[in-house]
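Tertiary structure, described
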Amino acid sequence: RYFMERVKPMINVDGVVSTMGEATIPVVDRGFLYGDSVYETFRTEDGIPLFLSDHFNRLENSARLIEMHIDQDRVELIKQIRRTVANTGATRKSRLYVRFQITRGEGPLDLVPSRDLKTRYVVIVKEAPIWKTSLYSVGLNMMIPTTRRNSVTALDPNIKGGNYLNNIMAVNEAIAKGSDDAVMLTQEVYVSEASNSNVWFVIKDELKTPCRGNLKGLTKMHVHKALELDGVISHETDIHVEDVVDATECFVTSATRDVMPCASLILEDGHRIHFPDGGGPVTRTTMEIFSTYVAQYIENHRYDSLN
């Protein structure tokens, strides 16, 4: 059991640290009005932020993709993350969820951003999600919704930005129909991703994850690395919806879930594919390898501690 009762959720808006109920941003902030923002989310283990440098690299890439100049540098943002953590009462034993978001700032009510805007940062720190044990011992029940993933030519999925309506509509559809989450398809009916995680399949004895229409997940990237170090082959490739019929295992990866097995997947025609409870042999091996990989990462990054 983790000592979550000591963690008080806190938010930092441009250096002002307050409780969640007290935190405010101006109504004319472009992040609020238009979703004109980029963000990253990570969790801590033993006080260590997982893959922090990679998160900053991706944040800066998201900003480049929307032509946003971030006025705050990494040193300032890390300082403010540490300030926010310090106000939560968290200890090294606390497992924290940290989200840091950059909005383009506030200005005239116009889609075209003014050139003199200053970016605003928002840091949210709270306890990391505690997932139900059944989600690991059995798994997620997934479905393919009618909602398609945004076209990459309309909105690049590698912009980790503040507009999540596409994903919200997909997961709402899945939950309304009794599933836990959605596996979204592209317009060309290739698998893209789940609503807020990357999805993997074992198809004809090969471990595969989609290469198109999805965010380049950092947990996904490190799972690939961990598997390669252990001599396990994994592929990032196109997965057509027709290929999924042959899947024998399925799992998702994300910053807060790590590797979470899927128990079933309902296709659009209503056919349900069942997967082994708690994951099949490939899923379980991946979970073990990644757990060891994360433990080694923590040991090698003690200098990154946030508290």
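Residues numbered from 1 in each chain as written. Predicted model: local features only at pLDDT ≥ 70, side-chain atom pairs only at ≥ 80, totals over all residues. Heavy atoms only, no water.

1. A closer look at the overall build of the protein chain
Along the backbone of the protein chain there are seven helices and 15 strands. The C-alpha radius of gyration of the protein chain comes to 20 Å, within 12% of the 19 Å expected for a compact globule of 307 residues. Across its three principal directions, the C-alpha atoms of the protein chain cover 55 × 45 × 35 Å. Looking at the 307 residues of the protein chain, the share that counts as buried comes to 52%. (Helix = DSSP H or I, 4+ residues; strand = E, 2+ residues; numbered from the N terminus. Rg over C-alpha atoms; globule rule 2.2 N^0.38 Å. Buried < 20%, exposed > 50% of the residue type's maximum accessible area, 1.4 Å probe, protein only.)

2. Some remarks on the pairing of strand β9 (residues 191-194)
One face of the sheet, then the other: side chains in a regular strand alternate in exactly this way. Bridge count between strand β8 (residues 181-185) and β9: three bridges; the pairing is antiparallel. Within β9, the position partnered with Val183 by the bridge is Ala194. As consecutive antiparallel partners, β8 and β9 are separated by five residues, and within that stretch Val189 has a phi angle of approximately 60°, a positive value. (Pairing = 2+ DSSP bridges.)

3. Comments concerning the side chain of Thr253
Summarising the element assignment, Thr253 is placed in strand β13 (residues 247-254). Its relative accessible area of 1% is what places Thr253 among the buried residues. For Thr253, the side chain forms a polar contact with the side chain of Trp200, separated by 3.0 Å. Excluding its chain neighbours within four sequence positions, the residues that come into contact with Thr253 are Ser197, Asn198, Trp200, Thr219, Lys220, Val223, Asp258 and Val259. (Polar contact = N/O pair within 3.5 Å; in protein donor to acceptor, adjacent residues only side chain to side chain. Contact = heavy atoms within 4.5 Å.)

4. Regarding the pattern of salt bridges
Scanning all chains against the criterion turns up 18 salt bridges. The salt bridge partner of Arg120 is Asp29, with a shortest N-O separation of 2.6 Å. You can see Arg120 sitting in strand β6 (residues 120-127) and its partner Asp29 sitting in the loop between β2 (16-19) and α1 (30-34), a full 91 residues away along the chain. Asp29 shares its class with Arg120; the two are buried. For Asp258, the salt bridge identified is with Arg43, shortest N-O distance 2.6 Å. Of the two residues, Asp258 is situated in strand β14 (residues 258-266) and Arg43 in strand β3 (residues 37-45); the sequence distance between them amounts to 215 residues. Each member of the pair, Asp258 as well as Arg43, carries the same accessibility label: buried. Connected via shared salt-bridge partners are Asp14, Asp29, Glu106 and Arg120. (Salt bridge = Lys/Arg side-chain N within 4 Å of Asp/Glu carboxyl O.)

5. Focus on the packing of aromatic side chains
Taken as a whole and judged by the stated rule, the model has six aromatic pairs. With a centroid separation of 4.8 Å and 65° between ring planes, the pair formed by Phe51 and Tyr297 is classed as edge-to-face. Of this pair, Phe51 sits in the loop between β4 (48-49) and α2 (52-65) while Tyr297 sits in helix α7 (residues 281-300), and the two are 246 residues apart along the sequence. On the basis of relative accessibility, which here comes to 12%, the residue Tyr297 falls in the buried class. Their ring planes at 20° and their centres at 6.0 Å tell us that Phe290 and Tyr293 sit as a pair that is stacked. Within this pair, Phe290 and its partner Tyr293 are both found in helix α7, separated by three residues, close to a single helical turn. Tyr293 gets classed as buried once you look at its relative accessible area, which sits at 18%. In this arrangement the basic side chain of Lys126 is found over the ring face of Tyr97, its NZ or CZ atom lying 4.7 Å from the centre. (Phe/Tyr/Trp six-rings, centres within 6.5 Å; stacked < 30°, edge-to-face > 60°. Lys NZ or Arg CZ within 6 Å of the ring centre and 35° of its normal.)

6. Comments concerning the side chain of Ser234
Note on placement: Ser234 falls in the loop between α6 (218-229) and β12 (235-237). Side chain to side chain, Ser234 and His224 meet in a polar contact 2.7 Å long. With near-sequence residues (within four places) excluded, Ser234 lies in contact with Trp200, Leu207, His224 and Leu227.

7. Some details on the packing of α6 against α7
Across the interface, α6 lies against α7 with an axial gap of 9 Å and an inter-helix angle of 100°. Classified by the angle their axes make, α6 and α7 are roughly perpendicular. Only Thr286, Ile289, Phe290 and Tyr293 of α7 make contact with α6, whose side of the interface consists of Thr219, His222, Val223, Lys225, Ala226, Leu227 and Leu229. Residues of the contact of α6 with α7, tallied by class, amount to seven nonpolar, three polar and one charged. (Axes fitted to C-alpha atoms, helices over the stretch in contact; angles between N-to-C directions. Parallel < 35°, antiparallel > 145°, perpendicular 65-115°, else oblique. Nonpolar A, V, L, I, M, F, W, Y, C, P; charged D, E, K, R; others polar.)

8. Observations regarding the sheet that holds β2
Across the sheet, which stays open at both edges, the six strands sit in the order β2-β1-β6-β5-β3-β4 with antiparallel pairing between neighbours. Here the strands that pair on one side only, and so sit at the sheet edges, are β2 and β4. When strand β1 (residues 10-13) meets β2, the two strands line up antiparallel, connected through four bridges. Bridging from a neighbouring strand, Ile11 pairs with Ser18 of β2.

So yeah, pure geometry; function would need other evidence.
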